[in-house]
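# Results of the structural survey
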Amino acid sequence: REDINQIVEQIENLMANDTKSSTLNMTTVPLDGTHELLYTDTPNTPQYIGPIKGRTTQKFINETTFQNILQAGPLQIKLTAERTIMDDSRIKLF
């Protein structure tokens, strides 16, 4: 866990010093494929159902629709959502 925290700190430091990233329009970056959640710093992690830890993935179905999927043993929960680009720095999820 300490190794992960060090890597996250390094990435955060790089991003804080990167002036180019703040001017990029990140809302137009194409999102596709299926991605597994490897790390989160939120205390309300989507990897748990009560005391049971699961595997969280995000699957992009097309340019606007995606699913958050939690797999815990034989149990699978899917939340399908849509995204709308509001402007160069905001995306609305519903």
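Each remark here, short or long, concerns the structure printed above.
Residues numbered from 1 in each chain as written. Predicted model: local features only at pLDDT ≥ 70, side-chain atom pairs only at ≥ 80, totals over all residues. Heavy atoms only, no water.

## Things to note about the pairing of strand β5 (residues 65–72)
Stated precisely, the cut-off is as follows: Note on classification: 1.4 Å probe, protein chains only; a residue is buried when its accessible area is under 20% of the maximum for its type, exposed when over 50%, partly exposed between these limits. Counting from the N terminus, the helices are DSSP H or I runs at least four residues long and the strands are E runs at least two residues long. A pair of strands is treated as paired once DSSP finds two or more bridges between them.
With six of eight residues buried, β5 lies mostly within the body of the structure. In this structure, strand β4 (residues 55–60) lies alongside β5, joined through six bridges in antiparallel fashion. Counted as the bridge partner of Thr 56 is Leu 70 from β5. Between β4 and β5, which follow one another and run antiparallel, lie four residues.

## Notes on the sheet that holds strand β1 (residues 33–36)
Our working definition: For helices, the fitted line uses only the C-alpha atoms of the stretch in contact; every axis is such a line through C-alpha atoms, and the angle between N-to-C directions lies from 0 to 180 degrees.
Reading across the sheet, the five strands line up as β1-β4-β5-β6-β7 and stay open at both edges, with antiparallel pairing between neighbours. Since the sheet does not close on itself, it has two edges, and those belong to β1 and β7 (91–93), each with one partner. With strand direction ignored, the average angle separating the axes of adjacent strands in the sheet is 25 degrees.

## So, the pattern of salt bridges
Put simply, the rule reads: When a carboxyl oxygen of Asp or Glu lies within 4 Å of a side-chain nitrogen of Lys or Arg, that pair is called a salt bridge.
The full count for this structure, using the stated rule, is two salt bridges. Linking Glu 36 and Arg 55 is a salt bridge whose minimum nitrogen-to-oxygen distance equals 3.5 Å. Of this pair, Glu 36 sits in strand β1 while Arg 55 sits in strand β4, and the two are 19 residues apart along the sequence. Judged by relative accessible area, which is 44%, Glu 36 ranks as partly exposed.

## Looking at the packing of aromatic side chains
Operational definition: Two rings from Phe, Tyr or Trp (for Trp, the six-membered ring) form a pair when their centres sit within 6.5 Å of each other. Planes less than 30 degrees apart are called stacked, planes more than 60 degrees apart edge-to-face, and all others tilted.
Under the defined criterion, the tally for this structure stands at one aromatic pair. Between Phe 60 and Phe 66 the ring centres are 6.0 Å apart and the planes differ by 45 degrees, which places this aromatic pair in the tilted class. Across the pair, exposure class does not vary: Phe 60 and Phe 66 are buried alike.

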